[in-house]
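A closer look at the structure
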Amino acid sequence: MAHTAQRNTVPSGLTRSTPAGSKPARQHAKFSHVEARNLHHTLEHREVNNMQLGLIGLGKMGGNMRERIRRAGHTVVGYDRNPEVSDVSSLTELVSALEGPRVVWVMVPAGAPTQSVIDELGDLLEPGDTVVDGGNSRWTDDEKHAEELAAKGIGFVDAGVSGGVWGLKNGYALMVGGDAEHIAKVQPIFDALKPEGDAGFVHAGKVGAGHFSKMVHNGIEYAMMQAYAEGWELLEKVHSVTDVREVFRSWQEGTVIRSWLLDLAVNALDDDEHLEKLRGYADDSGEGRWTVEAAIDNAVPLPAITASLFARFASRQDDSPQMKMIAALRNQFGGHAVESAK
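Quick caveat, the model's predicted, so the values are computed rather than measured. (Residues numbered from 1 in each chain as written. Predicted model: local features only at pLDDT ≥ 70, side-chain atom pairs only at ≥ 80, totals over all residues. Heavy atoms only, no water.)

Here the focus is the packing of helix α12 (residues 303-315) against helix α13 (residues 321-334). Where α12 meets α13, the closest approach of the two axes is 10 Å, and the angle between their N-to-C directions is 105°. Viewed along their axes, α12 and α13 adopt a mutual orientation that is roughly perpendicular. Where α12 approaches α13, its residues Ala311, Arg312 and Ser315 are matched on the opposing element by Met323, Ile326 and Arg330. The residue inventory of the contact of α12 with α13, partitioned by class, reads three nonpolar, one polar and two charged. (Axes fitted to C-alpha atoms, helices over the stretch in contact; angles between N-to-C directions. Helix = DSSP H or I, 4+ residues; strand = E, 2+ residues; numbered from the N terminus. Parallel < 35°, antiparallel > 145°, perpendicular 65-115°, else oblique. Contact = heavy atoms within 4.5 Å. Nonpolar A, V, L, I, M, F, W, Y, C, P; charged D, E, K, R; others polar.)

Given below as structure tokens:
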């Protein structure tokens, strides 16, 4: 995507897509232009530990993250190309609404959309501000973005975020990379997003470590889903097993393979017992490929993860029963789109 010099121009591809005809899960009051620019004047009575955050990208993940952060008592000024969910009408307005030193969280698709936003923020922000990339960017892009922003005195943190559409209720697991001083500036927001308890947050290492950790997490997720899918297909195939859904349900307690993914598989089977409404097609969002590429670069054998990625490729050639389960699980945990059976 070409970067535009007009700061009130919305970079294309800024928000993740939502199903046609769908409405935002929650409508938020929008600020007028004057209110947005002078938002800091309304914050005099904030509690000491509360902070402001600019959040760019209010799709399935970003919109719920904004709500969870607000429920924790922080002020969030959100921007999205969709005016129905946006608090301000431009990135310029968003930056103007925040007191310095600012923290701006980017939650847009990896690649050109993220690069465009980083470029524009580099021109708008000031030394001492911090940018968090919470999308699924490749870790090598993080190193480039950190270097570009550091030249302007702006900090950078990469954050791998897991939780999907359930994160608003359950919290988000966060894997972050960057300098400790930059992460400390964002810590109240991390604390608001993470699940209750001691787990769910890690400073994984240097810039890029957060997204690298999330990439490996997603690779493991690929392999786990594939194992459930293969077991489900085999159970469906034999004549002796007459209630596959209840077999899966019986595994939810007391077994070594119980997991949240198994719970979601049961949810999917409750909705469509034999997954007859789904086409056996499962997309991949990139992290699985990057995981396999990193394994090759580091001579680390990843047979299960690699096979699960290749199985998704196979799903695009035939109507695979295994991929029906993969598609159902992706829809359950992340709200990813599915294709109807024809």
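After that view, the rundown keeps rolling.
Of all five residues in strand β6 (residues 173-177), four are buried, a share of seventy percent or more. Bridge count between strand β5 (residues 155-162) and β6: five bridges; the pairing is antiparallel. Bridge assignment links Ser162 to a residue of β6, and that residue is Ala173. This β-α-β element, β6 to helix α7 (residues 180-193) to strand β7 (residues 201-205), shows right-handed connectivity. (Buried < 20%, exposed > 50% of the residue type's maximum accessible area, 1.4 Å probe, protein only. Pairing = 2+ DSSP bridges. Right-handed = clockwise from strand over helix to strand, strands pointing away.)

Counting buried positions along strand β2 (residues 75-79) yields five of five residues, so the element is predominantly enclosed. Here β2 shows no split at all, with Thr75, Val77 and Tyr79 on one side and Val76 and Gly78 on the other all buried. With five bridges connecting them, strand β1 (residues 52-56) and β2 associate as parallel partners. Across the sheet, the residue bridging to Leu55 is Gly78, located in β2.

Further remarks concern the packing of aromatic side chains. This model, assessed by the stated rule, comprises six aromatic pairs. When the centroid spacing of 6.2 Å and the interplanar angle of 85° are considered together, the rings of Trp166 and Trp260 count as edge-to-face. In this pair, Trp166 is assigned in the loop between β5 and α6 (167-170) and Trp260 in helix α10 (residues 260-271), connecting sequence segments 94 residues apart. Assessed through its relative accessible area of 40%, Trp260 is described here as partly exposed. Look at Phe190 and Phe201: their rings are 5.3 Å apart centre to centre, the planes differ by 35°, and that puts the pair in the tilted class. Of this pair, Phe190 sits in helix α7 while Phe201 sits in strand β7; the two residues are 11 residues apart in sequence, bridging distant segments of the chain. An aromatic cluster is defined as three or more aromatic residues linked by ring pairs; in this entry it consists of Trp105, Phe190 and Phe201. (Phe/Tyr/Trp six-rings, centres within 6.5 Å; stacked < 30°, edge-to-face > 60°.)

Right, let's talk about the pattern of salt bridges for a bit. Counted according to the given criterion, the structure contains 17 salt bridges. The partner of Glu67 in a salt bridge is Arg71, and the shortest N-O contact between them spans 3.0 Å. One end of the pair, Glu67, and the other, Arg71, are both in helix α2 (residues 60-71), four residues apart, so they sit about a helical turn from each other. Taking relative accessible area as the criterion, Glu67 reaches 9% and is therefore assigned buried. Of the charged contacts in the structure, one is a salt bridge between Glu126 and Arg102, with a shortest N-O distance of 3.5 Å. With a gap of 24 residues between them, Glu126 in the loop between α4 (112-124) and β4 (130-133) and Arg102 in the loop between α3 (91-96) and β3 (103-106) connect regions that are remote in the sequence. (Salt bridge = Lys/Arg side-chain N within 4 Å of Asp/Glu carboxyl O.)

Right, let's get into unusual backbone geometry. Cis geometry is found at the peptide bond from Gly100 to Pro101, where omega equals -5°. Unusually for a residue other than glycine, Ala299 sits at a positive phi of about 55°. Its place among the elements puts Ala299 in the loop between α11 (287-297) and α12.

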